[in-house]
Amino acid sequence: MGKIIAVVNQKGGVGKTTTAVNLTAALTEAGKKVLLCDFDPQANGTSGLGVDKRKAKYSVYDVIIDGVDTAEAIVHTPFGDVLPSSPDLAGAAVELLTMDEPNYRLRNALEKVQDQYDMIFIDCPPSLELLTVNALAAADGILVPVQCEYFALEGLADLMNTLRLIKRRINPRLEIFGVVLTMFDGRTNFSTQVAQEVRKHFPGKAFATVIPRNVRLAEAPSHGLPITAYDRSSKGGKAYKEIATEIIRRM
């Protein structure tokens, strides 16, 4: 049965979607069966794997709100499978409040296809609200992208408090699966200091590979491609392939 990993950080711009998309592609290329559940209303994870959110027959919104079968909503791509998002998801938090088991709608949906995958990534919205609670309720673990910049650790305390609350009240199996250091600039001492601080706060959880600042990583989404397809030999491409290798070892 596949491991469900929520890619989460309530701080925006830390490389969360970039990490979810490129690990999906890198693990698929490594021979694993991977699903990306795009649970962010911006739907950048959907387009990042080449799926046009306007043309998808169903989205994750239809699954959790209208009861559409999960398998019917999944789109197959050369880079991994996608459960697409849509802008409708932005209002789902309000609708969920009126439904039975509002915290478990996503978990119930993903359990229907979990045995078909080695790994399911959930790309979470950059906030700690009901959609993210749904993702954390569904997950076996969380993957936290941390930007190697000033204020990187600010807000992580809130995330860890939320993790503890979810673990205690909703999902006792939830653990920290890993921490990915993103936007690393080897030319500055500060990036190195932040990386050291993160490794100290999360011993044994931070991946050995760091994701460098890389123009090609930023360009790839505009072409609807993961970095492994856009420029696999770039520093960003190599880094995500190395983290995928580390994940396979952890699995």
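Everything discussed here concerns the structure shown above.
Think of each chain on its own: its residues are numbered from 1, step by step along the sequence as written. Only residues with pLDDT of at least 70 get local features here, since the model is predicted, and only at 80 or more are side-chain atom pairs given and counted; chain-wide, interface and lining totals rely on the full set of residues. Computation of side-chain values: all heavy atoms of the structure, hydrogens and water removed.

Novice: Looking at this structure, I do not really get the pairing of strand β1 (residues 3–7). What am I missing?
Specialist: A regular strand carries its side chains on alternate faces of the sheet. Each residue gets one of three labels from its accessible area relative to the maximum for its type: buried under 20%, exposed over 50%, partly exposed in between, using a 1.4 Å probe on protein chains only. Secondary structure follows DSSP: runs of H or I at least 4 residues long count as helices, runs of E at least 2 residues long count as strands, and numbering of each begins at the N terminus. Counting buried positions along β1 gives four out of five residues, so the element sits mostly inside the fold. We call two strands paired when DSSP finds no fewer than two bridges between them. The pairing of β1 with strand β6 (residues 141–147) spans three bridges and is parallel. The partner of valine 7 across the bridge, within β6, is leucine 143.

Novice: Help me understand unusual backbone geometry in this model?
Specialist: Generally, phi is negative for residues other than glycine and the peptide bonds are trans, each holding for most cases. At alanine 43, a position not held by glycine, the phi torsion is positive, near 60 degrees. Following the sequence through the fold, alanine 43 ends up in the loop between β2 (34–38) and α2 (44–48). Although it is not a glycine, methionine 183 adopts a positive phi angle of roughly 55 degrees. Position of methionine 183 relative to the elements: it lies in the loop between β7 (175–182) and α9 (189–201).

Novice: So what exactly am I meant to see when it comes to helix α8 (residues 156–169) here?
Specialist: One turn of the α-helix equals 3.6 residues, which is why residues spaced by three or four share an orientation. One less than the number of residues in a helix, times 1.5 Å, gives the span that helix is expected to have. Spanning 14 residues, α8 covers 20 Å between terminal C-alpha atoms, matching the ideal 20 Å at 1.5 Å per step. The set of residues buried in α8 consists of Leu156, Leu159, Met160, Thr162, Leu163 and Ile166. Axial view of α8: buried residues confined to an arc of 160 degrees, hence all on one face. Away from its buried face by more than 90 degrees, α8 exposes Arg168 and Arg169. Looking at the buried positions of α8, the neighbouring elements they touch are α7 (130–138), β6 and β7. The directions from the helix axis to the C-beta atoms are what the arc is built from. What makes two residues a contact is simply this: any of their non-hydrogen atoms within 4.5 Å.

Novice: I tried to follow the pattern of salt bridges on my own but got confused; where do I start?
Specialist: Side-chain pairing between opposite charges can occur once the charged atoms of the two side chains come close. What counts as a salt bridge is simple: a side-chain nitrogen of Lys or Arg found within 4 Å of a carboxyl oxygen of Asp or Glu. Overall, the coordinates contain 13 salt bridges when judged by the stated rule. The partner of aspartate 52 in a salt bridge is arginine 54, and the shortest N-O contact between them spans 3.1 Å. Of the charged contacts, one joins glutamate 219 and arginine 216 as a salt bridge, the two residues approaching to 2.8 Å between their closest N and O atoms. Here glutamate 219 pairs with arginine 216, and both are found in helix α10 (residues 215–219), just three residues apart, close to one helical turn. Look at the salt bridges and you will find they share partners, linking Lys16, Asp40 and Asp123 into a network.

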